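# Architecture and fold: a report
Letter by letter, the chains look like this.
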Amino acid sequence: MPSKPFKIECIEIYQSRIKLKEPFKISLGQLEYAENIIAVIKTNHSITGYGECSPFKTINGESIDTAAVVAGYIAPSMLGKNPLDISQRVTDMDRLIYGNSGIKSAFDMALHDIAARYHEKPLYKLLGGETSRKLYTDYTVSLDIPSKMAEDALKIAREGFRVIKVKLGKSGEEDIARIRKIRESIGNKIPLRIDANQGWDFQTALRVLKSLNPFNIQFCEEPIPRWDFMDLPALKKESPIPIMADESCFDHRDAKRLIAINACNYFNIKLGKSGGIHNAIKIIGLSEKAGMKLQVGGFLESRIGFTASAHLALSSNQIEFCDFDTPLMFEADPVIGGINYTSDGEIAVPNQPGLGVELEKNYLKSLKPEIFC
């Protein structure tokens, strides 16, 4: 192991925009590009870590532009610091600026990559995980007219995915019609996961969830606006479909509050909400004590971000669900290594030290980095 003090020597920040094969539509709006920030942290011992975030204006209040600005605050403050003291680095970021969980997660991810490479272990092993459990991702049907959603669901089913996720959250009656049409197309065997992205009020959510009970729905993500989280306990009690907190559960503090009021059946962890792996582990710990199962998902990260999420998913048996599909929606994939997908949605996690990812050099050269040394 290195004998001299281990320090962060240089940080490179890249803005990456990759077009999606089709527009990604949810109740909060439509996206045509994955606009992500890539953080590359280099140390004085020739160990480099990669991190990524997918700023999401309507959820974590960040854009690729604001995230790049905040990265310009964080990066200089990390130079010369010990990358292995992740807890202190996270504390430093939080003291420097409030919120901005997305860009903080990119730094956190790169630090965990460095730590696992330093200890010569895949990240999941550093987190106490193992690979005896298989991970499967769903694949998402974007919000659209019922006939288009049914057509998309049928294509996904024919590709062999074991679970289909469906974006809802508009008119309650239209959403019921969407699920009916999908079931007419694919039958009732393949489980569906539905995600309203806060699109319903309480009464609409209750009506829709009761109406959709016969359609083999695993759970519903964030049915009502996140600021109405105090209404979740009543909705959970009356809904025949389990409730998963997503936008209302950013970090471990939110998780603690939601557990205390018995607000939901599951949590959806996203590194871009929690601020990274360090805080996500705290959510897992709370969920283990409460006996709650978890999903690990994400925004529009590439296989860099979702490789980190997959390593995290192997760290605890409480993590039952995975939502890692968006890299499959990209027109281009500049990532070397990382997770791989099979035709049925199984996720293969790399066994190299760290995350097990790098970026194509030609792709990085095509971007204009901001460099802090």
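The structure under discussion appears in the preceding block.
Residues numbered from 1 in each chain as written. Predicted model: local features only at pLDDT ≥ 70, side-chain atom pairs only at ≥ 80, totals over all residues. Heavy atoms only, no water.

If you tally the helices and strands in the protein chain, you get 13 helices and 17 strands. Its C-alpha atoms give the protein chain a radius of gyration of 20 Å, within 12% of the compact-globule value 21 Å for 373 residues. With respect to the three principal axes, the spread of C-alpha positions in the protein chain is 65 × 45 × 40 Å. Counting only residues that meet the buried cut, the protein chain has 59% of its 373 residues in that class. A sequence separation of at least 24 residues applies to 73% of the contacts in the protein chain between residues at least 6 apart. Summing over all exposed atoms, the protein chain offers an accessible surface of approximately 15100 Å²; the carbon and sulfur share of this is 49%. (Helix = DSSP H or I, 4+ residues; strand = E, 2+ residues; numbered from the N terminus. Rg over C-alpha atoms; globule rule 2.2 N^0.38 Å. Buried < 20%, exposed > 50% of the residue type's maximum accessible area, 1.4 Å probe, protein only. Contact = heavy atoms within 4.5 Å. Areas by Shrake-Rupley, 256 points an atom, 1.4 Å probe, with all protein chains shown as cover.)

Turning our attention to the state of the cysteines. This model, assessed by the stated rule, comprises 1 disulfide. The disulfide bridge from Cys10 ends at Cys373, spanning 2.0 Å between sulfur atoms. One end of the pair, Cys10, is in strand S1 (residues 8-26); the other, Cys373, is in the segment after strand S17 (370-372), with 363 residues separating them in the sequence. A relative accessible area of 10% places Cys10 in the buried class. Its sulfur unpaired, Cys249 is 7.0 Å from the next cysteine sulfur, which belongs to Cys264. For Cys249, a relative accessible area of 2% corresponds to the buried category. (Disulfide = S-S within 2.5 Å.)

Secondary-structure assignment places Asp175 in helix H6 (residues 172-186). Polar contacts involving the side chain of Asp175 include one to the main-chain amide nitrogen of Lys170, which spans 3.0 Å. Ignoring any residue separated from it by four or fewer positions in sequence, one finds Asp175 in contact with Leu143, Leu168, Gly169, Lys170 and Trp200. (Polar contact = N/O pair within 3.5 Å; in protein donor to acceptor, adjacent residues only side chain to side chain.)

This paragraph deals with the packing of helix H2 (residues 86-96) against helix H3 (residues 101-118). Relative orientation of the contacting elements H2 and H3 amounts to 165 degrees, with a least axis distance of 10 Å. The orientation of H2 with respect to H3, classified from their angle, is roughly antiparallel. Here H2 and H3 pass one another in a crossing that is right-handed. Every residue of H3 that contacts H2 at Ile86, Arg89, Val90, Met93 and Asp94 is listed here: Lys104, Phe107, Asp108, Leu111, His112 and Ala115. In terms of residue class, the contact of H2 with H3 is made up of 6 nonpolar, 1 polar and 4 charged. (Axes fitted to C-alpha atoms, helices over the stretch in contact; angles between N-to-C directions. Parallel < 35°, antiparallel > 145°, perpendicular 65-115°, else oblique. Left-handed = near helix turned anticlockwise from the far one by under 90°. Nonpolar A, V, L, I, M, F, W, Y, C, P; charged D, E, K, R; others polar.)

On to the sheet that holds S1, then. Two orientations exist for strands paired in a sheet by backbone hydrogen bonds: parallel and antiparallel. Ordered by their spatial adjacency, 4 strands build an open sheet running S3-S2-S1-S17, and the pairing between neighbours is antiparallel. Each edge of the open sheet carries a strand with a single partner, namely strand S3 (48-53) and S17. Along the sheet, successive strands turn relative to each other by an average axial angle of 20 degrees, direction set aside. In this structure, S1 lies alongside strand S2 (residues 29-43), joined through 14 bridges in antiparallel fashion. In the sheet register, Glu12 faces S2, and the bridge partner there is Val40. (Pairing = 2+ DSSP bridges.)

Not every positive phi belongs to a glycine, and Asn100 is a case in point at roughly 55 degrees. With respect to the helices and strands, the residue Asn100 is situated in the loop between H2 and H3.

This next bit is on the sheet that holds strand S4 (residues 135-136). One open sheet accounts for 3 strands, arranged S4-S15-S14; its pairing is antiparallel. Looking at which strands have only one partner, the edges of the open sheet turn out to be S4 and strand S14 (340-341). Where S14 meets strand S15 (residues 346-348), 2 bridges bridge the pair, whose relative direction is antiparallel. Counterpart to Asn340 in the pairing with S15 is Ala348.

Counting 92 residues, the largest nonpolar core has Ile194, Leu212 and Phe267 as the members making the most contacts within it. The dominant element in this core, judged by the number of residues it contributes, is helix H12 (residues 303-313), at 6 residues. Residues within four places of Leu212 in sequence aside, it is in contact with Leu168, Ile176, Ile179, Ile194, Ile217 and Ile241. One finds Ile11, Ile37, Met78 and Ala115 within the second-largest nonpolar core, a separate group that totals 30 residues. (Core = buried A, V, L, I, M, F, W, Y, C linked by side-chain atoms within 4.5 Å.)

The subject of this paragraph is a nonpolar patch on the surface. Together, Val69, Tyr73 and Leu96 make up a nonpolar patch on the protein surface, roughly 280 Å² of accessible area in all. For Val69, the location among the structural elements is in helix H1 (residues 64-78). The class of Val69 is partly exposed, set by a relative accessible area of 45%. (Patch = residues over 30% accessible without salt bridge, like charges linked within 9 Å, V, L, I, M, F, W, Y side chains within 5 Å. Salt bridge = Lys/Arg side-chain N within 4 Å of Asp/Glu carboxyl O.)

All right, on to the packing of aromatic side chains then. Applying the stated criterion across every chain, the model contains 7 aromatic pairs. Between Phe56 and Phe299, the aromatic rings sit 5.2 Å apart at their centres with planes inclined by 35 degrees, giving tilted as the arrangement. Of this pair, Phe56 sits in the loop between S3 and H1 while Phe299 sits in the loop between strand S11 (293-296) and H12, placing them 243 residues apart in sequence. In terms of burial, Phe56 and Phe299 fall into one category: buried. Taking 5.6 Å as the distance between ring centres and 50 degrees as the angle between the ring planes, the aromatic pair formed by Phe306 and Phe324 counts as tilted. (Phe/Tyr/Trp six-rings, centres within 6.5 Å; stacked < 30°, edge-to-face > 60°.)

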